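Okay, here's what each chain looks like letter by letter:
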Amino acid sequence: GAVLLFFGDIAEGSATTTSSASVQLQGVSSQDQFGAWISGPLDLDGDGDGDLGLGAPAADPSSRTGAGSAYVFYGPFVAGVNELASAADFTLTGTVTNDALGTVVETAGDFDGDGYGDLMVSAPKAQGNKSGSGVVYLVLGGSKRLSGVNDIATALDIGIQGLTTDDAIGYD
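Summarised in this report is the structure supplied together with it. For clarity, every value in this text was computed on a predicted model and none was experimentally measured.

1. Here we look at the sheet that holds strand S7 (residues 90-93)
Point 1. The strand order across the open sheet built from 5 strands is S3-S4-S5-S7-S11, with neighbouring strands paired in mixed fashion. One side of each edge strand has no neighbouring strand; the edge strands of this open sheet are strand S3 (37-42) and strand S11 (148-151). Across the sheet, the axes of successive neighbouring strands diverge by a mean angle of 15°, strand direction being ignored.
Point 2. Sheet topology note: the strand S5 (residues 69-73)/S7 ladder contains 4 bridges and is antiparallel. Note on S7: the bridge partner recorded for Ala70 is Leu92.

Pasting the structure below:
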């Protein structure tokens with residue numbers, strides 16, 4: 001998958017091409033479903049610039065098939081950028097095979113009231129309380145930017161699990 005950002009106005013009824021995108025972000029593999037969920041602008045670090053959250057629920061981090069990934073790119077964005085998802089400022093990876101982390105990547109507003117935006121990421125196929133119950137994770141933003149590649153199990157601040165078998169909490 002790919003995510004294309006276009007700066008400026010695009011007139012209604014006009015045609016444009018992918019090659020005219022201001023910013024191009026590409027998935028790590030052709031099958032990872034990069035961009036299946038797009039959330040932004042977020043402001044996770046409180047700097048006033050829009051940040052972008054992207055899901056790739058079919059990604060295979062660390063050879064965990066379908067574990068999924070969620071990516072955060074901190075703004076501002078500069079025209080002419082063409083990057084792979086692996087260049088994200090912050091990456092969350094699913095814990096086990098077929099978690100589908102990144103099915104939903106969304107702002108949680110300021111959940112903890114500290115003045116910084118927070119991020120919700122879902123893994124609806126994760127084995128929470130029961131088989132296939134799913135988990136929605138909350139990762140708190142703050143003045144210190146989150147960075148690197150992180151397994152969701154070590155990066156989460158709060159996890160909300162589905163109650164019964166096949167709840168699949170976290171599907172849109």
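2. Section: the side chain of Ser133
Point 1. Tracing the chain through its elements places Ser133 in the loop between strand S9 (119-123) and strand S10 (135-139).
Point 2. Taking the relative accessible area as the measure of exposure, Ser133 reaches 0% and is therefore buried.
Point 3. Every residue in contact with Ser133, bar those within four places of it in the chain, is listed here: Pro124, Ala126, Gln127, Gly128, Gly162, Thr164, Asp166, Asp167, Ala168 and Ile169.

3. Here we look at the sheet that holds strand S1 (residues 2-5)
Point 1. If you trace the 3 strands from one edge of the open sheet to the other, you get S1-S2-S6, paired in mixed fashion. In this open sheet, the two strands that pair with only one neighbour each are S1 and strand S6 (81-84). Across the sheet, the mean angle from the axis of one strand to that of its neighbour is 10°, orientation sign disregarded.
Point 2. With 4 bridges joining them, strand S2 (residues 23-26) and S6 adopt parallel strand pairing. By the bridge assignment, Gln26 is partnered in S6 with Leu84.

4. Considerations on a negative patch on the surface
Point 1. Residues Asp110, Asp112, Asp114 and Asp157 make up a contiguous surface patch of negative charge.
Point 2. Position of Asp114 relative to the elements: it lies in the loop between strand S8 (105-107) and S9.
Point 3. Asp114 sits in the partly exposed class, given a relative accessible area of 34%.

5. Side note on the pattern of salt bridges
As a working rule, side chains carrying opposite charge can pair if their charged atoms are close by.
Point 1. The full count for this structure, using the stated rule, is 3 salt bridges.
Point 2. With a shortest N-O distance of 2.5 Å, Arg145 and Asp45 are connected by a salt bridge. Here the residue Arg145 occupies a position in the loop between S10 and S11, and Asp45 occupies one in the loop between S3 and strand S4 (51-56), the gap between them amounting to 100 residues.
Point 3. Measuring nitrogen to oxygen at the nearest pair gives 3.1 Å for the salt bridge that ties Arg145 to Asp47.

6. Concerning the pairing of S5
Each regular strand shows side chains that alternate between the opposite faces of the sheet.
Point 1. The element S5 is extensively covered by neighbouring structure, given that 5 of its 5 residues are classed as buried.
Point 2. In S5, alternate side chains face the same way, and those of Ser69, Tyr71 and Phe73 on one face and Ala70 and Val72 on the other are all buried.
Point 3. Inspection of the sheet shows S4 paired to S5 by 5 bridges, in the antiparallel sense. Looking at the pairing, Leu54 lines up with Tyr71 of S5.

7. A few points about a nonpolar patch on the surface
Point 1. Residues Phe111, Ile158 and Ile160 make up a contiguous nonpolar surface patch of about 290 Å² in total accessible area.
Point 2. Note that Ile160 resides in strand S12 (residues 158-161).
Point 3. Classification of Ile160 as partly exposed rests on a relative accessible area of 47%.

Definitions and limits used
Residues numbered from 1 in each chain as written. Predicted model: local features only at pLDDT ≥ 70, side-chain atom pairs only at ≥ 80, totals over all residues. Heavy atoms only, no water. Pairing = 2+ DSSP bridges. Helix = DSSP H or I, 4+ residues; strand = E, 2+ residues; numbered from the N terminus. Axes fitted to C-alpha atoms, helices over the stretch in contact; angles between N-to-C directions. Buried < 20%, exposed > 50% of the residue type's maximum accessible area, 1.4 Å probe, protein only. Contact = heavy atoms within 4.5 Å. Patch = residues over 30% accessible without salt bridge, like charges linked within 9 Å, V, L, I, M, F, W, Y side chains within 5 Å. Areas by Shrake-Rupley, 256 points an atom, 1.4 Å probe, with all protein chains shown as cover. Salt bridge = Lys/Arg side-chain N within 4 Å of Asp/Glu carboxyl O. Lys, Arg positive; Asp, Glu negative; His and termini not counted. Charge placed at Lys NZ, Arg CZ, Asp CG, Glu CD.

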